[in-house]
Amino acid sequence: MRNDDPRLPSSPGFWRSPLRGTGFTSVLGLVLLVGITVLFVTGLVSYAAYNPDLSPVNDQTPDKGILGFYLFAWPTDPHWLYRFTQGLHVTLGITLIPILLAKLWSVVPRLFALPPARSLAHALERLSLLLLVGGGLFEFTTGVLNVQLAYVFPGSFYPLHFYGAWVFFAAFVAHAVLKVPAALRAVRRPGREQGDLVSPRPGPPTVSRRGALWFVGGASLLFFATTVGQSIGGVLRRTALLAPHGGADPGGGPNGFQINKTAAYAGIDTRETGAEAWRLVVTGRGGTVRLSRAQLLRMPLHSSALPIACVEGWSTADQWWRGVRLRDLAALVGHDGDPPDLFVESLQRHGAFRRAALRANQVADPRSLLALYVNGEALSPDHGYPARIIVPAAPGVLNTKWVARLTFGDL
Ligand code: HEM
């Protein structure tokens, strides 16, 4: 096959944009260097927030092996921690899409270059580029699909996105180590484009290099502006046009804030949650007690202002919860002073996280409640009536709704 026939994409002459060159690629590469590093770190942090090392029920990637080396006990301070880290992860991921696409466009001639491998070293380099480009597209695509609630994955989203992130990031680090020196050189000495990516027979320019970079930056800004409102809340929520849980009106009144799963979706039958039927079963080393909602309401009630923050990146402003402290419930069943870990079970019929484990530091925090009220009104069915967990800084799914059973003890 001839590599100099300009009708074939394997020929440099096929690619005619006068924008391509090391300088253009390098500006985009340097932005990705910072952005993707932050994405990777916030992604790992997001996984740690589930406390997957605490109990198998919290762990969506049980076969991770040494990839879980960095896990740590997730703190409860600041109370907006997960709201911030996960909001940043999702918003940044969406904001970087135009930059990633522009970077791929800028280097696309290389992807068609023939022969595919000139030597073993070249073959290995091409393989690492396959993992870089394929891994990048895979991570961004699975992330966007999940945020858009399009659960089209074979199996669970979590392992795909988690293992994919490690493969992609390994290839990314190798690429960055090789290219950063050239990229810095190119941006320090702007001017005429250089390198193999420069077209040997450039077409007439339709936009300047600066104009193209402004266009890509503007597209990123647009993605940012139509996403970030879902994490900030208030009037800005209406601007989150790209986020399913962003713009939609969650209704008014004290219970009028975002919901992930409704009671109907979770299979909650109102006959199980009524005053006659519902009892909270609390077990610890001192035995088991069964409490009605009326009995819980006679216990000391406390308030905390905490958000709900979801893995999909949306979060609510702080809501005013009122209920019984988890550590008071622990004391009721023989764990005075130093509360242990807690296993929570919901009435929820199906779906992940109908059971969840909380670590001792989360149980001990005085703001951690079995909430009975929100914003001065009883919880609505969709917010977890008769009782739900609310813990500072925890991912939304660990704030179990429709709680049926609490078991205190080391897990
Ligand atoms: C998602 C992240 C990235 C992807 C998918 C990607 C993809 C690619 C591909 C496929 C090539 C062509 C093959 C090659 O020349 O080795 C390339 C070239 C290059 N990349 Fe990246 N890259 C990414 C991030 C970065 C970063 C973080 C930097 C560093 C700042 C960077 C700087 C460069 C440079 C300087 C070149 C060579 C341009 C030339 O030869 O004129 N890239 N990139």
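Residues numbered from 1 in each chain as written. Predicted model: local features only at pLDDT ≥ 70, side-chain atom pairs only at ≥ 80, totals over all residues. Heavy atoms only, no water.

Student: Looking at this structure, how should I read the overall build of the chain?
Tutor: Looking only at helices and strands, one finds 11 helices and 10 strands in the chain. Of all 411 residues assigned to the chain, the portion counted as buried reaches 48%. In the chain, the proportion of contacts linking residues at least 24 apart, taken out of those at least 6 apart, comes to 71%. Accessible surface for the chain amounts to roughly 19600 Å². Of this, 64% is attributable to carbon and sulfur atoms. Within the chain, one finds 38 positive and 25 negative side-chain charges whose respective centroids are separated by 9 Å. (Helix = DSSP H or I, 4+ residues; strand = E, 2+ residues; numbered from the N terminus. Buried < 20%, exposed > 50% of the residue type's maximum accessible area, 1.4 Å probe, protein only. Contact = heavy atoms within 4.5 Å. Areas by Shrake-Rupley, 256 points an atom, 1.4 Å probe, with all protein chains shown as cover. Lys, Arg positive; Asp, Glu negative; His and termini not counted. Charge placed at Lys NZ, Arg CZ, Asp CG, Glu CD.)

Student: Explain the coordination of the iron atom of the ligand to me, please; I cannot follow it from the model alone.
Tutor: Reference values for coordination geometry: four tetrahedral donors around a metal ideally subtend 109.5 degrees, six octahedral donors ideally subtend 90 or 180 degrees. All of the protein donors around the iron atom of the ligand are K103 (NZ) and H175 (NE2); their distances to the metal are 1.8 to 2.1 Å. Between the six donor atoms coordinating the iron atom of the ligand, the angles at the centre fall across 81 to 179°, so the site counts as octahedral. Of this pair, K103 sits in helix α3 (residues 97-111) while H175 sits in helix α5 (residues 157-188), and the two are 72 residues apart along the sequence. Taking the relative accessible area as the measure of exposure, H175 reaches 22% and is therefore partly exposed. (Donors = N, O, S within 2.8 Å, 3.2 Å for Na, K, Ca; no water. Tetrahedral: all angles 85-135°; square planar, octahedral: opposite > 155°, others 65-115°.)

Student: Please explain the packing of aromatic side chains as it appears in this structure.
Tutor: Overall, the coordinates contain 17 aromatic pairs when judged by the stated rule. When the ring of F72 is compared with that of W74, the centres are 5.9 Å apart and the planes differ by 35°; the resulting orientation is tilted. Among the aromatic residues, those joined into a cluster by ring pairs are F40, F69, Y70, W166, F168, F169 and F172. Positioned above the aromatic ring of W105, the side-chain terminus of R20 is 4.1 Å from the ring centre. A cation sits over an aromatic face here: R293 above Y373, 5.6 Å from the ring centre. (Phe/Tyr/Trp six-rings, centres within 6.5 Å; stacked < 30°, edge-to-face > 60°. Lys NZ or Arg CZ within 6 Å of the ring centre and 35° of its normal.)

Student: Help me understand the layout of surface pockets in this model?
Tutor: Here the idea is plain: a probe the size of a water molecule rolls over the atoms and shows the empty space left. In this structure, the second largest pocket spans a volume of roughly 530 Å³. As for the second largest pocket, its lining consists of 20 residues, and the residues nearest its centre are Y151, K261, Y265, E312 and A352. Here the residues of the lining of the second largest pocket sort into 10 nonpolar, eight polar and two charged. (1 Å grid on protein atoms, 1.4 Å probe; cavity = no way out; pocket = protein on both sides within 12 Å on 5 of 7 lines; lining within 4 Å. Points joined across faces, edges and corners; volume = space filled by probe spheres on them. Nonpolar A, V, L, I, M, F, W, Y, C, P; charged D, E, K, R; others polar.)

Student: Teacher, can you tell me more about the domain arrangement of the chain here?
Tutor: Interface extent is often summarised as the accessible area lost during association of the parts. Taken domain by domain, the chain consists of domain 1 (12-239) and domain 2 (263-408). Once you take the C-alpha centre of each, domain 1 and domain 2 turn out to be 38 Å apart. Carbon and sulfur atoms supply 53% of the area that domain 1 and domain 2 bury against each other, a total of about 2600 Å² over both sides. Three residues, T76, H79 and R83, lead the burial of domain 1 against domain 2; their summed loss comes to 25% of the area buried on that side. For the pair domain 1 and domain 2, the number of links is two salt bridges. In this structure, R359 and D53 form a salt bridge, with 2.9 Å as the shortest nitrogen-oxygen distance. At the boundary of domain 1 with domain 2, the tally comes to 18 residue pairs in polar contact (both at pLDDT 80 or more). Elements with a contribution of two residues or more to the side of domain 1 that touches domain 2: α2 (81-95), α4 (120-147) and α7 (229-232). Ranked by residue count, the leading element in the side of domain 1 that touches domain 2 is α2, at six residues. Split into classes, the residues belonging to the side of domain 1 that touches domain 2 amount to 16 nonpolar, 12 polar and four charged. (Domains from an automatic or database assignment. Buried area = accessible area lost by both parts, 1.4 Å probe. Salt bridge = Lys/Arg side-chain N within 4 Å of Asp/Glu carboxyl O. Polar contact = N/O pair within 3.5 Å; in protein donor to acceptor, adjacent residues only side chain to side chain.)

Student: Whenever I open this one, the side chain of R388 confuses me. Can you help?
Tutor: Mapped onto the fold, R388 is located in strand β9 (residues 388-390). This buried residue, R388, is left without a salt bridge; D382 holds the nearest opposite charge, at 10 Å. Setting aside anything within four residues of it in sequence, one finds R388 in contact with I308, W321, L369, L370, A371, L379, H383, N399, T400, K401 and V403.

Student: How should the packing of helix α1 (residues 22-48) against α3 be read in this particular structure?
Tutor: In a packed pair of helices, the relevant descriptors are the angle between the two axes and the axis-to-axis distance. Where α1 meets α3, the axes come as close as 9 Å, and the angle between the chain directions of the two elements is 145°. Crossing of α1 over α3 shows left-handed handedness. Between α1 and α3, the contacting residues are F24, T25, L28, G29, V31 and L32 on the first element and I99, L100, A102, K103, W105, S106 and V107 on the second. Residues that form the contact of α1 with α3 fall into these classes: nine nonpolar, three polar and one charged. (Axes fitted to C-alpha atoms, helices over the stretch in contact; angles between N-to-C directions. Left-handed = near helix turned anticlockwise from the far one by under 90°.)

Student: What's the story with the side chain of R325 in this structure? I'm lost.
Tutor: Locating R325 in the fold gives a position in strand β4 (residues 319-325). Comment: no salt bridge for buried R325; closest opposite-charge side chain is D328, at 5.2 Å. A distance of 3.4 Å separates polar atoms of two side chains, one belonging to R325 and the other to H302. Sequence-distant contacts of R325, defined by excluding residues within four places in its chain, comprise H302, P366, S368 and L369.

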